[in-house]
Amino acid sequence: MQRLVIDENSAGQRLDNFLLRVLKGVPKTHVYRVIRSGEVRINKGRAGADTRLELGDEVRVPPVRLPDRSEAPPAPAREFPLLYEDEHLLAIDKPAGVAVHGGSGVSFGVIEQLRRARPQARFLELVHRLDKETSGILLLAKKRSALTALQDQFRARDTGKTYAALVIGSWPASRKVIDVPLHKFLDAAGERRVRTAEGEDEGKRSITLVKVAASYAQFTLLDVTIKTGRTHQIRVHLQHEGHPIVGDPKYGDFELNREMARGPLRFSRMFLHARRLAFDHPASGQRIELAADLPTECRQLLAEL
């Protein structure tokens, strides 16, 4: 049994994220299970996964079996294309196919590789997340104060976040708002999945704004902005509308994905890219606007279309 007192580097963090960091290597499903069962206590009381920790809180963590780290190779040091950096934060252009953190069968991700590449960094945390299959702008904080300030902006939807998505079929230009609730669940294999939940109490309201950027014979390039930040929101909303994202391995057209990967186009990733992000700097308050160009393979596919 561990009794951990929250210091300034952990204050403001969600309980689940704190435990995933403390219990590195423990399966995410197991961490959520011990939270739901009440085995994790904050100041002797039960708490939910989304509880925000405060300075001085005592967190009781039950004994769990940690993996044998002596056998697991350390994350390789890696830097990523840098879009912005100062003493408070950095922004990178994350490639597709790279997880943002380890867990759920992934040994390591962006955060572990960056920490390995920057051993002198006293603090380095993800501000938000991108799906493994999604490329584009990813923010990381170099100070706890920057992390909490930026996460507050994300929660309040004060960030201008735009994605480029190539979908199958001709998207109707008049279809600009998708307001369909979503429900997150684990499938039989323990994988995180999301489905629409219209008319259901358990669904969370989810809003996606869509604008046609370019039209092709069998596809449409969209600019997508999310007003709520649900797991897999863009992917599930676009699939719900009958226009799944090209290359989406969970919610896409699997036969077409195979054809595009094996055929002359040789396109074997999901076409979803976080291309623009705007936020207020956590220290100066200055509005920062970042842009990440479409990756080479996405530009080449559009040229072929």
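Refer to the structure printed above.
The structure contained in this document is the topic of the report that follows. (Residues numbered from 1 in each chain as written. Predicted model: local features only at pLDDT ≥ 70, side-chain atom pairs only at ≥ 80, totals over all residues. Heavy atoms only, no water.)

What about the pairing of strand S11 (residues 182-186)?
Of the pairings in the sheet, the one linking S11 to strand S12 (residues 192-196) comprises five bridges and is antiparallel in character. When the sheet's bridge partners are listed, Lys 184 is paired in S12 with Val 194. Where S11 folds back on S12, the antiparallel hairpin that results is connected by five residues, among which Gly 190 adopts a positive phi of roughly 80 degrees. (Pairing = 2+ DSSP bridges. Helix = DSSP H or I, 4+ residues; strand = E, 2+ residues; numbered from the N terminus.)

Description of helix H2 (residues 28-36)
Listing the buried residues of H2 in full gives Lys 28, Val 31, Val 34 and Ile 35. Looking straight down H2, one finds that the buried residues subtend no more than 130 degrees of arc, so they occupy a single side. Against helix H1 (15-22) lie the buried residues of H2. Following H2 by one or two positions, Gly 38 adopts a phi angle in the positive range, close to 85 degrees. (Buried < 20%, exposed > 50% of the residue type's maximum accessible area, 1.4 Å probe, protein only. Arc of directions from axis to C-beta. Contact = heavy atoms within 4.5 Å.)

Digging into the packing of H1 against H2
Running from N to C, H1 and H2 cross one another at 125 degrees; their axes reach a closest spacing of 10 Å. With respect to H2, the axis of H1 lies oblique. With respect to the hand of their crossing, H1 and H2 are arranged in right-handed fashion. For the pair formed by H1 and H2, the contact residues are Leu 15, Asp 16, Leu 19 and Leu 20 on the first element and Lys 28, Val 31, Tyr 32 and Ile 35 on the second. Along the lines of polarity and charge, the residues of the contact of H1 with H2 split into six nonpolar, no polar and two charged. (Axes fitted to C-alpha atoms, helices over the stretch in contact; angles between N-to-C directions. Parallel < 35°, antiparallel > 145°, perpendicular 65-115°, else oblique. Left-handed = near helix turned anticlockwise from the far one by under 90°. Nonpolar A, V, L, I, M, F, W, Y, C, P; charged D, E, K, R; others polar.)

Description of the environment of Leu 186
Tracing the backbone shows Leu 186 in strand S11. What makes Leu 186 partly exposed here is its relative accessible area of 49%. Contact partners of Leu 186, with chain neighbours within four places excluded, come to Thr 29, Glu 191 and Arg 192.

So, the nonpolar core
With 29 residues, the main nonpolar core has Leu 138, Leu 140, Tyr 163, Ile 234, Leu 238 and Ile 245 as its most contacted residues. Counting residues in each nonpolar core, the second largest holds 19 residues, with Ala 11, Phe 18, Leu 23 and Val 64 among its members. (Core = buried A, V, L, I, M, F, W, Y, C linked by side-chain atoms within 4.5 Å.)

Overview of the pattern of salt bridges
In total, this model carries 18 salt bridges according to the counting rule given. Two residues, Arg 118 and Glu 85, come together in a salt bridge whose shortest N-O distance is 2.6 Å. One end of the pair, Arg 118, is in the loop between helix H3 (110-117) and strand S7 (125-126); the other, Glu 85, is in strand S5 (residues 82-85), and 33 residues separate them in sequence. Among the charged side chains, a salt-bridge network with shared partners connects Glu 79, Glu 85, Arg 118 and Lys 142. (Salt bridge = Lys/Arg side-chain N within 4 Å of Asp/Glu carboxyl O.)

What about a positive patch on the surface?
Together, Arg 129, Lys 184, Arg 192, Lys 204 and Arg 230 make up a region of like positive charge exposed at the surface. With respect to the helices, strands and loops of the structure, Arg 129 is situated in the loop between S7 and strand S8 (135-141). For Arg 129, a relative accessible area of 40% corresponds to the partly exposed category. (Patch = residues over 30% accessible without salt bridge, like charges linked within 9 Å, V, L, I, M, F, W, Y side chains within 5 Å. Areas by Shrake-Rupley, 256 points an atom, 1.4 Å probe, with all protein chains shown as cover. Lys, Arg positive; Asp, Glu negative; His and termini not counted. Charge placed at Lys NZ, Arg CZ, Asp CG, Glu CD.)

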